[in-house]
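# Descriptive analysis of the structure
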Amino acid sequence: MFKEKNQQYRLFLFGFLTTNFIWFLFSLIYNTSIIPDPIEVYRRIPVLLGDGIAVHIGYSLFRIGTGILLALLVGVPTGISMAYSTRIQRYLYPFIYFSYPIPKTALLPVAMLLMGMRDGSKISIIFLILVFQVVVSVRDSVEQIDITTYQVIRSAGATRRDVVRHVTLPAILPNLLTSIRISLGTALSVLFFIEGYGTKFGMGYYILDAWSRINYIQMYLGILVLALVGFLLFLMMDLLESYLCVWNKN
Amino acid sequence: MEQFKLYLSDLNLSYKSKDLSVPVIENLNLTLTSGRITVILGPSGCGKSTLINALAGNHPLDGGSITFESGKNRIPLHPQTQRIGIIPQNYGLLPWKTVEDNCELLLKIKNLEIDEKRSEFLGELYERLEISSLLKRFPKSLSGGQAQRVAIARAFALQPEVLLMDEPFSALDAITRENAREIFLKEWEKNKPIALLVTHSIEEALYLGNEIIVMKSPKGHVGFRMDNPYFGAYSKESKYLETVDKLRNMLRNPQKKELDDHV
């Protein structure tokens, strides 16, 4: 266990150093203000505090969190009912199949008109991108549950509710956490896009704003923050998984 | 000990998959009594598992009825009204619950409170099945024999009126299997609930069955029925070996006429 942790730290440190080294090399090769020296960027970290970066992070996390939560609230029940009911599957599957590949970001103008320029349209876009992923992943993992898993609990007279609580939900949890992890990555990258209008807050806005003012150092600081927040979110997911899915460890 | 009976009357079942429905059991009539273990011996595909599923309330009946009799009261068997214990082929333990939670889950679903008396009973049950030290472990970390004992414990934790077993020992190695059968039998003998075991192992049928029934494919009729004098024993007598041979021939040639002969 300790050895494993140690190895993880090393991996992290090594990744951090290589990334920065490559960044540094590029800054030397191109010698342009759009790729500043990483050390220069790190020296300016205090600037972030003056910019109230916490507020920006808070806004972004709120949008991501709400989007993911809504996607789960809609996606999990939909995926489960698709797996359990052939009728629901028959009606919903063509729709999901057809609309899954549509790039949801292209629906931004529609979302803006219907949901407004503020958080409504931003959260809607995150929701739309994630909900299909959640539905498909939940449906697939429910279908993978071994039939005999239900046998025992049903023979004790379990209601549908008992089955969902004791079998379905715990069974899909590992895959669900994986799909949330992927969702998080997607949601973070979409920030850049949805925080480019109708707001003065958010990590996406912070980066775009610095860019438009040709303040490249500040832009890089924004990118650093975005990367760090993403990293912490992933770490949180790891912890959550090792806590919730102890049983799944070999 | 109160006498229970289970009547299977004109039972019709079909095997169902997504786009196919094949009748596997037609007009089966069978009476099971508490105090006896009935073993159904049959080749794979004769509808044994479908029958177990139907009894456990997991499979719709195409026709006929399954009724449970206690005293003068005779009602349709239903998982919510009777206590049905089941030991499936691959144990059916929930991987996300500890051994203890697995064993107690069915009690929880039946709203049976784990009071002092019951918790004492459970403690002794775990002790007898040698799983007391495994209670906090998850099924993934158990050996086959351990998982099997947990599955047996879970079925008996319910203090079942009806006990159903679908090839429960088939995944174990020979020695562990013998051990598990012995443990199972000891536990069953405490209350002797109605018990139905389906298997393709002749040896197992002769060891665990008071009564042995050979199912006839493809319609799932009762092809042959015998009271088993070798119950609880692995005999070396020549008569025992003759019986083994006879049963083996029936399983091999299920269509043959001799099935209708009686011993």
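Once a new chain begins, its residue numbering starts again from 1 and follows that chain's sequence as written. Just so you know, chain letters begin at A and ligand numbers begin at 1, following the order they were written in. It should be noted that, the model being predicted, local features are given only for residues of pLDDT at least 70 and side-chain atom pairs only at 80 or more, the latter also being counted only at that level, while totals for whole chains, interfaces and linings use all residues. Here the side-chain values reflect all heavy atoms present in the structure, with hydrogen atoms and water set aside.

### Brief notes about the overall build of chain A
Note the threshold: Helix numbers and strand numbers start at the N terminus; a helix is a DSSP run of H or I with at least 4 residues, a strand a run of E with at least 2. Categorising residues by exposure relies on relative accessible area from a 1.4 Å probe, with only protein chains included: less than 20% of the type maximum marks a residue as buried, more than 50% marks it as exposed, and the intermediate range marks it as partly exposed. Two residues qualify as a contact provided that any one of their heavy atoms is within 4.5 Å of a heavy atom in the partner residue. Each accessible area is a Shrake-Rupley estimate made with a 1.4 Å probe; only the visible protein chains count as cover when residues are assessed.
A tally of helices and strands in chain A yields 11 helices and 0 strands. Reading chain A from its N end, one meets helices and strands in the order α-α-α-α-α-α-α-α-α-α-α. Across its three principal directions, the C-alpha atoms of chain A cover 70 × 55 × 30 Å. When each of the 250 residues of chain A is scored for burial, the buried share is 42%. Taking the contacts inside chain A whose residues are at least 6 apart along the sequence as the reference set, 73% of them involve residues at least 24 apart. When the accessible surface of chain A is summed, it comes to about 14500 Å², and 70% of that surface belongs to carbon and sulfur atoms.

### Topic: the interface of chain A and chain B
In plain terms, the rule: Throughout this description, the term salt bridge denotes a Lys or Arg side-chain nitrogen within 4 Å of a carboxyl oxygen of Asp or Glu. What qualifies as a polar contact is a pair of N or O atoms within 3.5 Å, subject to a donor-acceptor requirement within protein and to the restriction that residues adjacent in sequence count only when both atoms come from side chains.
If you look at the interface, chain A gives 22 residues, while chain B gives 22 residues. Put simply, chain A and chain B have 0 salt bridges between them. On the surface where chain A and chain B come into contact, there are 9 residue pairs in polar contact (both at pLDDT 80 or more). Those elements giving two or more residues to the side of chain A that touches chain B turn out to be helix H8 (147-155) and helix H9 (160-194) of chain A.

### What to know about the sheet that holds strand S8 (residues 194-199) of chain B
Residues and elements named next belong to chain B. Formally: Here, a strand pair is defined by DSSP locating no fewer than two bridges between the strands. Axis definition: a line fitted to C-alpha atoms, limited for helices to the stretch in contact. Angles are taken between N-to-C directions and run from 0 to 180 degrees.
The strand order S6-S7-S8-S3-S9-S10 describes an open sheet built from 6 strands, whose pairing is mixed. Edge strands, defined here as strands with exactly one partner in the open sheet, are strand S6 (84-87) and strand S10 (221-227). Within this sheet the neighbouring strands show an average axis-to-axis angle of 20°, counted without direction. Strands in contact with helix H7 (residues 238-252) are strand S3 (37-41), strand S9 (211-216) and S10; relative to S10, the strand with the most contacts, it is inclined by about 175°.

### Considerations on unusual backbone geometry
The phi angle at Asn31(A) is positive, at roughly 45°, despite the residue not being glycine. In this fold, Asn31(A) is placed in the loop between helix H1 (2-30) and helix H2 (38-43). A residue is classified by how much of its surface remains accessible, and Asn31(A), at 66% relative accessible area, is exposed. Non-glycine residue Asn111(B) carries a positive phi angle of around 60°. Tracing the backbone shows Asn111(B) in the loop between helix H2 (99-109) and helix H3 (116-128). For Asn111(B), a relative accessible area of 70% translates into the label exposed.

### Focus: the packing of H9(A) against helix H11 (residues 216-244) of chain A
Each packed pair of helices is defined by two parameters, the angle between the axes and the distance between the axes. Residue and element names in this part refer to chain A. Cut-off, in case you're wondering: Oblique is the label for any angle not under 35 degrees, not over 145, and not in the 65 to 115 range, which are roughly parallel, roughly antiparallel and roughly perpendicular in turn. In the scheme used here, Gly and all other residues not listed as nonpolar or charged are polar, with Ala, Val, Leu, Ile, Met, Phe, Trp, Tyr, Cys and Pro taken as nonpolar and Asp, Glu, Lys and Arg as charged.
The geometry of H9 relative to H11 is characterised by a closest axis approach of 11 Å and an angle of 170° between their N-to-C directions. The angle between the axes of H9 and H11 places the two elements in the roughly antiparallel class. Of H11, the residues touching H9 (which contributes Leu173, Pro174, Leu177, Ile180, Arg181, Leu184, Gly185, Leu188 and Leu191) are Leu226, Gly230, Leu233, Phe234, Met237, Asp238, Leu240, Glu241 and Leu244. For the contact of H9 with H11, the per-class residue count stands at 13 nonpolar, 2 polar and 3 charged.

### Here we look at the pattern of salt bridges
Using the criterion set out here, one finds 14 salt bridges over all chains in the structure. With a closest N to O distance of 2.6 Å, Glu100(B) and Lys136(B) form a salt bridge. Within this pair, whereas Glu100(B) is found in helix H2, its partner Lys136(B) is found in the loop between H3 and helix H4 (144-157), the two being separated by 36 residues in sequence. With relative accessibility at 18%, the residue Glu100(B) sits in the buried group. By relative accessible area, which is 63% here, Lys136(B) ends up exposed. The network of salt bridges with shared partners includes Arg63(A), Asp119(A) and Glu195(A).

### Quick word on the environment of Phe12(A)
Residue and element names in this part refer to chain A. Tracing the backbone through its elements, the reader meets phenylalanine 12 in helix H1. A relative accessible area of 43% means that phenylalanine 12 is categorised as partly exposed. For the pair phenylalanine 12 and leucine 244, spaced 232 residues apart in sequence, the C-alpha to C-alpha distance is 24 Å.

### A short note on the confidence of the model for chain A
Low-pLDDT stretches of the model should not have their predicted coordinates read in fine detail. The test is simple: Scored between 0 and 100, pLDDT is the confidence that the predictor attaches to each residue.
For chain A, mean pLDDT is 89; residues scoring 70 or higher make up 98% of the total. Confidence, expressed as mean pLDDT per element, reaches its minimum in chain A at helix H3 (residues 45-50) of chain A with 82 and its maximum at helix H4 (residues 53-84) of chain A with 93.

### Brief notes about the side chain of Gln146(B)
Residue and element names in this part refer to chain B. Residue placement: glutamine 146 occurs in helix H4. Separated by 2.8 Å, the side chain of glutamine 146 and the backbone nitrogen of serine 143 make a polar contact. Setting aside residues no more than four positions away along its own chain, glutamine 146 makes contact with Leu134, Arg137 and Ser141.

### What to know about the sheet that holds strand S1 (residues 4-17) of chain B
Residues and elements named next belong to chain B. Read from one edge to the other, the open sheet built from 4 strands follows the order S2-S1-S4-S5, with strand pairing classed as antiparallel. In the strand order of this sheet, the two ends are held by strand S2 (20-33) and strand S5 (73-76), each with one partner. The mean angle between the axes of side-by-side strands here comes to 25°, regardless of whether they run parallel or antiparallel. Strand direction decides the pairing type here: strand S4 (residues 63-70) and S5, joined by 4 bridges, are antiparallel. The residue of S5 that forms the bridge with glutamate 69 is arginine 74. In the packing of helix H1 (residues 48-55) onto the sheet, contacts are made with S1, S2 and S4, and the angle to S1 comes to roughly 120°.

### Details of the side chain of Lys104(A)
Residues and elements named next belong to chain A. To be explicit about the condition: Asp and Glu are treated as the negative residues and Lys and Arg as the positive ones, with His and the ends of the chain left uncounted.
Considering the arrangement of structural elements, one finds lysine 104 in the loop between helix H5 (86-99) and helix H6 (108-115). Within the buried core, lysine 104 has no salt-bridge partner, and the shortest N-O distance to an opposite charge, that of aspartate 140, equals 15 Å. Of the polar contacts made by the side chain of lysine 104, one reaches the backbone oxygen of serine 99; its length is 3.1 Å. A polar contact is formed between the side chain of lysine 104 and the backbone oxygen of isoleucine 102, at a distance of 2.7 Å.

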